[in-house]
Amino acid sequence: LLVGELTDTEGRRRDLHLKGSGRTPFARGGDGLAAVGPMLREYVISEAMHALGIPTTRSLAVVATGRPVQRETVLSGAVLARVASSHLRVGSFQYAAASGDFGLLRRLADHAIARHYPTAAHAERPYLALFDAVLAAQASLVARWMLVGFVHGVMNTDNMTISGETIDYG
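Undergrad: Teacher, can you tell me more about the packing of helix H3 (residues 102-116) against helix H4 (residues 126-148) here?
TA: Packed helices, taken two at a time, are described by their axes: the angle between them and the distance between them. H4 packs onto H3 with a crossing angle of 60° between their chain directions and a minimal axis gap of 10 Å. Between H3 and H4, the angle is such that the two are oblique. Seen from above, H3 lies across H4 with left-handed handedness. Here Arg106, Ala109, Asp110, Ala112 and Ile113 of H3 lie close against H4, whose contacting residues are Pro126, Tyr127 and Leu130. Its residues assigned to classes, the contact of H3 with H4 comprises six nonpolar, no polar and two charged.

What follows is the structure, given as structure tokens:
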């Protein structure tokens, strides 16, 4: 659940996101809940990635909800609060394209250019320049993962930010 946008002490925009807070339109039939163990793992791994100099979401807190979460067994529920330069994902574009609303897709791309890759706005083909910039950011990210032996176990369009930060560790 994207709560909103904040400005940090250095004037950079950050998205505040809650993971495990419940169903969203993007939950794909899941309950949108999370268990304490995986949320603590995400907290620890994201902070380790940050310490290694790898662009990542930053975990702020894991809070127990007191609500049971049904997985293979019943687990204790939790919510992870995290920030990132963006929670705009490759899957956001995939979702907009699948909707057939190309005006929405264009607005999303224009927002991504304005927020993350403003030099693309001045290119002869801005959307191709956006694609190239996202490709370069993600290739750089994966190369950094390889340098430290990290393998993303759930690397799909929902878990790849266009800003080139690691997201969703489990």
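Next comes the rest of the description.
Undergrad: Could you clarify how one ought to interpret the nonpolar core in this entry?
TA: Buried together is how nonpolar side chains tend to be arranged in soluble globular proteins. The biggest cluster of nonpolar side chains holds 13 residues, and the ones touching the most others in it are Leu88, Phe93, Ala112, Tyr117, Leu130 and Ile162. Looking at this core, the elements that each hand over two or more residues are helix H2 (90-98), H3 and H4. The leading source of residues in this core is H3, at four residues. Each residue touching Ile162, except ones within four places of it in the same chain, is listed here: Leu88, Arg89, Val90, Phe93, Ala112, His116, Tyr117, Val134, Ala137 and Gln138. One finds Met49, Ile54, Phe150 and Met160 within the second-largest nonpolar core, a separate group that totals seven residues.

Undergrad: I would appreciate a short explanation of the packing of aromatic side chains in the present structure.
TA: Two numbers describe a pair of aromatic rings. These are the distance of the centres and the angle of the planes. Applying the stated criterion across every chain, the model contains one aromatic pair. Relative to Phe150, the ring of Trp145 lies with its centre 5.4 Å away and its plane at 75°, an arrangement referred to as edge-to-face. Comparing Trp145 with Phe150 shows no difference in burial state: the two are buried.

What counts as what
- Residues numbered from 1 in each chain as written.
- Predicted model: local features only at pLDDT ≥ 70, side-chain atom pairs only at ≥ 80, totals over all residues.
- Heavy atoms only, no water.
- Axes fitted to C-alpha atoms, helices over the stretch in contact; angles between N-to-C directions.
- Helix = DSSP H or I, 4+ residues; strand = E, 2+ residues; numbered from the N terminus.
- Parallel < 35°, antiparallel > 145°, perpendicular 65-115°, else oblique.
- Left-handed = near helix turned anticlockwise from the far one by under 90°.
- Contact = heavy atoms within 4.5 Å.
- Nonpolar A, V, L, I, M, F, W, Y, C, P; charged D, E, K, R; others polar.
- Core = buried A, V, L, I, M, F, W, Y, C linked by side-chain atoms within 4.5 Å.
- Buried < 20%, exposed > 50% of the residue type's maximum accessible area, 1.4 Å probe, protein only.
- Phe/Tyr/Trp six-rings, centres within 6.5 Å; stacked < 30°, edge-to-face > 60°.

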